[in-house]
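# Breakdown of the fold
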Amino acid sequence: MKKPGAGELREQIERAGKSLHDGVAPLLAGAGLKLQLLRMDHPETAEQVNDVLATLDDAMERVRRLSQELAPSPFTPPSK
Amino acid sequence: MPIDVLLVDDHKIMRDGIKAILGRAEEFRVIGEAETGTDAVQFIKTRKTDMVLMDIGLPGLNGVETTAEIVRHSPDCRVVILSMYDDEHSVVSAIRSGARAFILKRASDTDLVDALRIVWRGGSYLSPQVSDRLLARIQKGDLESKPAAAALEGLSPRELQVLRMVAEGKTSKEIAVMLDLREQTIRSYRKTMMKKLGVNNVAGLTQLALSTGLTQLPRAAAD
């Protein structure tokens, strides 16, 4: 199999970063919102829900860091 | 009277979640949802909206550009940005476009409802993670404005928006469609910008947009 060139490799890396940012992170955030609703409706579950939310938040933070590392935000000026 | 809110996010799961959370707070009423910036601007033009919750990373017209459009059409409408990005470029772009708040999307306890209440009372809001980082940068002196950016200070938000699109290679016709303006209006913006910036052609505009960091070359093209 032909090895990708530097430009192509960079594109693939950026695509992976964008995919994490646009595809995975919103799902985690959406799941978090749903858990918060569950906690509002069933306060007795708060302790367990908080545990899951903390794990989810950790996962989200890792996804955020990794995605920004692979594909900077569109508002980032070019590096000199 | 309820505060009428428009939700703008291309992810349904986010819109549904936010809608449900706002539904628990008595004072807010979600009156519309939009998946794109263009749809959001159209909505604002047809229905009075008190607040907009705007995803920053919309496809096409992004959240910052959409905010600038909304604020231009409805200066009283308060826009709150929701973002996965937490870098200062995103924050500064959002605030410059007219947003009143910048909230980081998180899984755990969201500060959403508190932020909306603060903004509705006339205040501004940044998520703690964002404000802490900005303060640290300011303390280190990392956030001083760059001299090159001064060249763009005489441009209106609308002109900056058009300049960025021109520099990205979009034609006047394409920009006109995206911003819902006449092609002739875009041509007029181009001429005014060239005069203000002292350049004679699109290449000059592009060069300025790049050197000030307003836009950047696609990575592959930059190689």
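The structure we're discussing is the one just above.
Residues numbered from 1 in each chain as written. Chains lettered and ligands numbered in written order. Predicted model: local features only at pLDDT ≥ 70, side-chain atom pairs only at ≥ 80, totals over all residues.

### Observations regarding the sheet that holds strand S1 (residues 3-8) of chain B
All names here are of chain B. Spatial ordering of the open sheet is given by S2-S1-S3-S4-S5-S6, a layout of 6 strands whose pairing is parallel. Every other strand in the sheet has two partners, leaving strand S2 (28-34) and strand S6 (125-126) as the edge strands with one partner each. Pairing of strand S5 (residues 101-104) with S6 involves 2 bridges; the strand directions are parallel. Each residue of the ladder has a partner; that of Phe 102, found in S6, is Leu 126. (Pairing = 2+ DSSP bridges. Helix = DSSP H or I, 4+ residues; strand = E, 2+ residues; numbered from the N terminus.)

### Concerning the pairing of strand S3 (residues 51-55) of chain B
All names here are of chain B. Within S3, 5 of the 5 residues are buried, leaving the element largely enclosed by the surrounding structure. Burial of S3 is two-sided: the residues Met 51, Leu 53 and Asp 55 facing one way and the residues Val 52 and Met 54 facing the other way are all buried. Note that S3 and strand S4 (residues 78-83) share 5 bridges and pair parallel. Within S4, the residue paired with Met 54 across the bridge is Ile 81. Of the crossover connections in this fold, the one passing from S3 over helix H3 (residues 63-73) to the parallel S4 is right-handed. (Buried ≥ 20, exposed ≤ 12 C-beta atoms within 10 Å, placed from the backbone. Right-handed = clockwise from strand over helix to strand, strands pointing away.)

### Here's the deal with the interface of chain A and chain B
With 33 residues of chain A at the interface, the matching set in chain B holds 31 residues. Those elements giving two or more residues to the side of chain A that touches chain B turn out to be helix H1 (6-41) and helix H2 (46-70) of chain A. Counted by class, the side of chain A that touches chain B contains 18 nonpolar, 8 polar and 7 charged residues. (Contact = placed C-beta atoms within 7 Å. Nonpolar A, V, L, I, M, F, W, Y, C, P; charged D, E, K, R; others polar.)

### What about the packing of helix H2 (residues 37-46) of chain B against H3(B)?
All names here are of chain B. Across the interface, H2 lies against H3 with an axial gap of 9 Å and an inter-helix angle of 10°. In terms of their interaxial angle, H2 and H3 are classed as roughly parallel. Between H2 and H3 the crossing geometry is right-handed. Along its contact with H2, which presents Gly 37, Ala 40, Val 41, Ile 44 and Lys 45, the element H3 presents Gly 63, Glu 65, Thr 66, Glu 69, Ile 70 and His 73. Considering only residue class, the contact of H2 with H3 consists of 4 nonpolar, 4 polar and 3 charged. (Axes fitted to C-alpha atoms, helices over the stretch in contact; angles between N-to-C directions. Parallel < 35°, antiparallel > 145°, perpendicular 65-115°, else oblique. Left-handed = near helix turned anticlockwise from the far one by under 90°.)

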